Every structure is written in C-alpha cells, then in structure tokens.
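Structural features, examined
What follows is each chain in one-letter form.
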Amino acid sequence: MRSSLAIALATTLGLSGCDLRVSNPGAIDPAALQDVRYINLMVNGVIGEFQPMFSTYYQALFTDELYNHHVYFEEREIDLRRIPETSGTYNVFLFTPMHRARFLADRIASRLRNLLGDSAARDLRLARVLAYGGYTYTLMGEALCETPINLSRPYRSDELLQMAIDRFQQAIAVAEAAKAATTVAAVRNGADSVANLARVGAARAALNLGNRTLVLQFAAAVPANFEFRVWHSENSSREYNPFSNRFAEGASNVSASVSNTPFQGLNDPRVPHPPQTERTMNGALAFVPNSPSAFSTYTGTLPGGEFTRSASVRLASGLEARYIRAEAEGLSADNVAFVNQRRAIGGQAPLTNPTPEQYLAALREQRARDFFLNGQRLGDLRRYKRLYNLNLFPTGPYPGGVAGETYGDQECWPITLAERQGNPYYRP
C-alpha cells in the first residue's frame, strides 16, 4: 500500500507542472450556424432526425397490432403494456429520438427566423421545419402520458397536441406566403405539399382533442390524391425501415406477428400475411405480416410483399384527411359510401342503412386496416376511450403467457427515469 501511495503521489507531483488542456473542437464551427449558406443543411438535419424517429414498430407492439416473439424481456414488457420508467428499449428507441427531433425542429425554426428576418415569413424552408416539428409534437401527444419540454414541468397530451396545432398553423401560413411570392412551379408545388402536410397533421391533432370545428377546417382543404412519405435508405444503419430486420431478414430476427391480434386472418390485402405460419425468434409458429398499404412495398395481394430496408412509409395523405372528416361529420350518405368503398377492398359486403353506432364501428374497422403499422393506432385507441368511452386495448389473460399473466393497464408511455433524474422539476 505504501509503495502504491508513493507512486501515486510521485505521479501527481510530476503532472502538476504540466498543461493538460486539449483542444476538442465541435464537428461544426459555431460561426457556421450564423451563415445563411448553411440553412439548407440545417433544414435537412431536421428531416434527417425526424425520419429515423418515425419508427412505428414499438407503437404497434404496444397496441393490438403486433404480438411479441422477441426473447428480450423489455420487448415483452412493451407488448404487455407494463413498461417501467427504467426501460432502456423505450428510452433509446422512442423517448429520446422524439425529443431529439422535437428539439432540433424548434431550435432550427428559431434560428431561421433570426437568420432570414422578415423574409422568414415567406420562406418555404421555415414552413417545412415547422411542419416536421408539428408532427413530432403530434406523435408525442398521441404516445406519451406527459412529458417535460427542455427540463420544464411535464406537459399533458392535450397540451402537446395544441402545441402541434400551433406549429401546423404557422407552417400553413408560411407555405401559403411562399407560394404567393413566386411564380416558380417547383416552389409553388413544394409549398402546396408542405401546406397539405400541415393541414393533415393539424386535423389529426384536432381530432384527438375532439375539436370538430378545427378538424373540418383543416381536413376539407386536403386534396384526395395528396400523399407525403417518410423515406429510408439501404445504406444507412440509422435510417433504414425498421420492419425489414424484424420480419424480412431471417427467421432468427422475426420478433413479432399478427397471431393473437385482431389483425390475424382478415383476408384483406391491406393487412397481408402468408397463409402459412413461420418460425419466430422464440421458436413459436406464427403468422408474420408483410408490407401493408402504407408502405411502398405494398403489393395489394393477400400474401403481400416483404418489407425492405429502403421501403418508404406514408406519413400523411388525402385518405387520412377523408377518414378524419368521416369521423368528425358522423353518419351521412356520403360517408357511408366512403366506408363501403374501403370495405370493398377487403371483400366485405356494403353497409345498408346503418345506425350511427354501426357506421362508426365500421369506420373504425376500416381505419384500422388502412393504417395498419402506420403509427396511427395508439392515438386512435386513446381517442376512442377518451371521447367515446370505448376501450379497445387488449385486456385480460396474456396469450402464451405464464399462468395468471395479464395485460397491464398502461395506455400511454411513461416519463423515463433518466428524464426524472436530470430534470430539476422532479427534485425534492
């Protein structure tokens, strides 16, 4: 011990006369963030943070769309809806990416206003950033029970959804001003695309808030053929479509199925799976889904096409706006015709003189099929319970579980332990 102490003391004394300061520059010179030439890179950074965050796998597992076969206990906890605040899977793959995307969108929107001055009010790049920010707040409002923003008090779901609407409204105003300020066709088309993206997002958030007036205001303005997608890459380990390695890259990776869910055996091309079972990660035989209609790899067939790493995913569409309107408007001849059009895709008989309750039940069923694995289900289930007192979350015994094992009662994702420990709000 004396020898070790002597060596440590000698080492300390020997270093005391040294200058241990080192240079650790950032990847980006701070001065560059004040340079208007880098605005496009800043905007692309917002998009690049949002697209890998828009991973709907765990949302599908948390609801009734997928059944877990992964052998890691935290994924089973998600399927059981018994997620502790210590869950690393939740923190790494959901909570933190949402907040990174949210933070960057807000920060870049503020920076663009400072850099562009008065012209920001008609700059399409700002509109785009605001729209992506609005979608991030929408996803947080649909998924999280509550969450702080930048170490604040926790904001409730309804507050997050209102924050989303505020950003969407700003995005629409800026996009419309950008369109009015130019005759360049590409810019005008881009402005229409961003404005419609924001309108669908605003209608979605307003529907979850139960604000029928805002729903109809935004949704009615969206063209029927509008579509906006999230893109993935074969070459990026961060930005590939997460469903590909879960379902299409070998039996050892098959970590979920539609077995034991309401989506098994619907005989509907929008919820495709082969007629035979496949071996899954935990050794079970189950029906493994292929690409549903929101994915670019959708084939319109009952067996469907496999997911790929580069498959793009629908984020917003005229179809979604039409569903939002149909729910807000309720029973009408036009809306029944819309539901029957969707039922025909799945080979279902048309509705005839339905009651309002029958109509809404049919609308919910078609919506679930059209937006399977598209990140809509959790917001839908929470809305149905809050606005209509209808609980469609899985309950009771957990299929394939140990004796007495049941689904939990979580209906949203909790605040993580890391957030609680790092946020002064939670300190005594």
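Scroll up to find the structure.
Now for a look at the structure at hand. (Residues numbered from 1 in each chain as written. Predicted model: local features only at pLDDT ≥ 70, side-chain atom pairs only at ≥ 80, totals over all residues. Heavy atoms only, no water.)

**With respect to the overall build of the protein chain**
Scanning the protein chain for helices and strands turns up 15 helices and eight strands. Taking 22 Å as the expected radius of gyration for a compact globule of 428 residues, we find that the protein chain reaches 24 Å, a close match to that expectation. For the protein chain, the spread of C-alpha atoms along the principal axes amounts to about 90 × 65 × 45 Å. Partitioning the contacts of the protein chain with sequence separation of at least 6, the portion at a separation of at least 24 is 69%. Working note: accessible area of the protein chain is about 19,400 Å², and carbon and sulfur atoms make up 54% of it. (Helix = DSSP H or I, 4+ residues; strand = E, 2+ residues; numbered from the N terminus. Rg over C-alpha atoms; globule rule 2.2 N^0.38 Å. Contact = heavy atoms within 4.5 Å. Areas by Shrake-Rupley, 256 points an atom, 1.4 Å probe, with all protein chains shown as cover.)

**A few points about helix 14 (residues 377-388)**
For helix 14, built from 12 residues, the straight-helix expectation of 16 Å at 1.5 Å per residue is met to within 8% by its first-to-last C-alpha distance of 16 Å. Looking only at helix 14, the buried set comprises Arg377, Leu378, Gly379, Asp380, Leu381, Arg382, Arg383 and Tyr384. Here the buried face of helix 14 lies against helix 3 (57-62), helix 6 (124-143), helix 7 (157-180), helix 8 (185-209), helix 11 (318-329) and helix 13 (356-370). Positive phi shows up at Asn389, right after helix 14, with a value of about 55 degrees. (Expected span 1.5 Å × (residues − 1). Buried < 20%, exposed > 50% of the residue type's maximum accessible area, 1.4 Å probe, protein only.)

**Side note on the state of the cysteines**
The final tally for this structure, using the stated rule, is one disulfide. For Cys145, the disulfide goes to Cys412, at an S-S distance of 2.0 Å. Here Cys145 and Cys412 share a disulfide; its torsion about the S-S bond, 105 degrees, makes the bridge right-handed. Of the two residues, Cys145 is situated in the loop between helix 6 and strand 2 (146-148) and Cys412 in the loop between helix 14 and helix 15 (417-422); the sequence distance between them amounts to 267 residues. (Disulfide = S-S within 2.5 Å.)

**Thoughts on the pattern of salt bridges**
Pairing between side chains of opposite charge can happen when their charged atoms approach one another. The tally for this structure, following the rule as stated, stands at 25 salt bridges. A salt bridge links Glu159 to Arg153; the nearest nitrogen and oxygen atoms lie 2.8 Å apart. Measuring nitrogen to oxygen at the nearest pair gives 2.5 Å for the salt bridge that ties Lys385 to Glu411. In this pair, Lys385 sits in helix 14 while Glu411 sits in the loop between helix 14 and helix 15, placing the two residues 26 residues apart along the sequence. The exposure class of Lys385 is partly exposed, given its relative accessible area of 33%. A relative accessible area of 22% places Glu411 in the partly exposed class. Several salt bridges share partner residues, and in doing so they unite Asp268, Arg270, Arg342, Glu365, Arg369 and Asp370 into one network. (Salt bridge = Lys/Arg side-chain N within 4 Å of Asp/Glu carboxyl O.)

**A closer look at the pairing of strand 8 (residues 313-317)**
Counting buried positions along strand 8 yields five of five residues, so the element is predominantly enclosed. One ladder, built from four bridges, connects strand 4 (residues 227-230) with strand 8; its direction is antiparallel. Within strand 8, the position partnered with Val230 by the bridge is Val313. (Pairing = 2+ DSSP bridges.)

**Observations regarding the packing of aromatic side chains**
For any pair of aromatic rings, geometry is given as the distance between the ring centres together with the angle between the planes. Per the stated rule, a full pass over the model turns up 24 aromatic pairs. Ring plane angle 65 degrees and centroid distance 6.0 Å describe the contact between Tyr57 and Phe243, whose orientation is recorded as edge-to-face. Here Tyr57 is found in helix 3, whereas its partner Phe243 is found in helix 10 (residues 242-247), with 186 residues between them in sequence. Of the residues examined, Tyr57 reaches a relative accessible area of 1% and is grouped as buried. When the centroid spacing of 6.4 Å and the interplanar angle of 55 degrees are considered together, the rings of Tyr57 and Phe247 count as tilted. With Tyr57 in helix 3 and Phe247 in helix 10, this residue pair connects regions lying 190 residues apart in the sequence. The same class applies to Tyr57 and to Phe247, which are both buried. Among the aromatic residues, ring-to-ring pairing joins Tyr57, Tyr58, Phe93, Phe243, Phe247, Phe295 and Phe307 into one connected group. The ring of Tyr57 carries Arg246 above its face, with NZ or CZ at 4.2 Å from the centroid. In this arrangement the basic side chain of Arg364 is found over the ring face of Tyr384, its NZ or CZ atom lying 5.7 Å from the centre. (Phe/Tyr/Trp six-rings, centres within 6.5 Å; stacked < 30°, edge-to-face > 60°. Lys NZ or Arg CZ within 6 Å of the ring centre and 35° of its normal.)

**Description of the nonpolar core**
Ranked by size, the top nonpolar core spans 98 residues in total, and within it Phe50, Leu66 and Trp413 carry the most contacts. The leading source of residues in this core is helix 6, at 12 residues. With near-sequence residues (within four places) excluded, Phe50 lies in contact with Ala101, Tyr132, Tyr135, Thr136, Leu139, Val230 and Leu315. Membership of the second largest hydrophobic core comes to 11 residues, among which are Phe338, Leu351, Ala362 and Leu363. (Core = buried A, V, L, I, M, F, W, Y, C linked by side-chain atoms within 4.5 Å.)

**Here we look at the environment of Ala195**
Here Ala195 lies in helix 8. A sequence separation of 49 residues divides Ala195 from Ser244, and the C-alpha atoms of the two residues are 31 Å apart.

**Concerning unusual backbone geometry**
The backbone phi angle of Arg81 is positive, close to 55 degrees, even though this residue is not glycine. Here Arg81 shows up in the loop between helix 4 (73-80) and helix 5 (88-116). In this structure Arg81 comes out as buried when scored by relative accessible area, which is 2%. For Leu373, which is not glycine, the phi dihedral falls at a positive 60 degrees. Along the chain, Leu373 turns up in the loop between helix 13 and helix 14. Here Leu373 falls in the buried class, since its relative accessible area comes to 0%.

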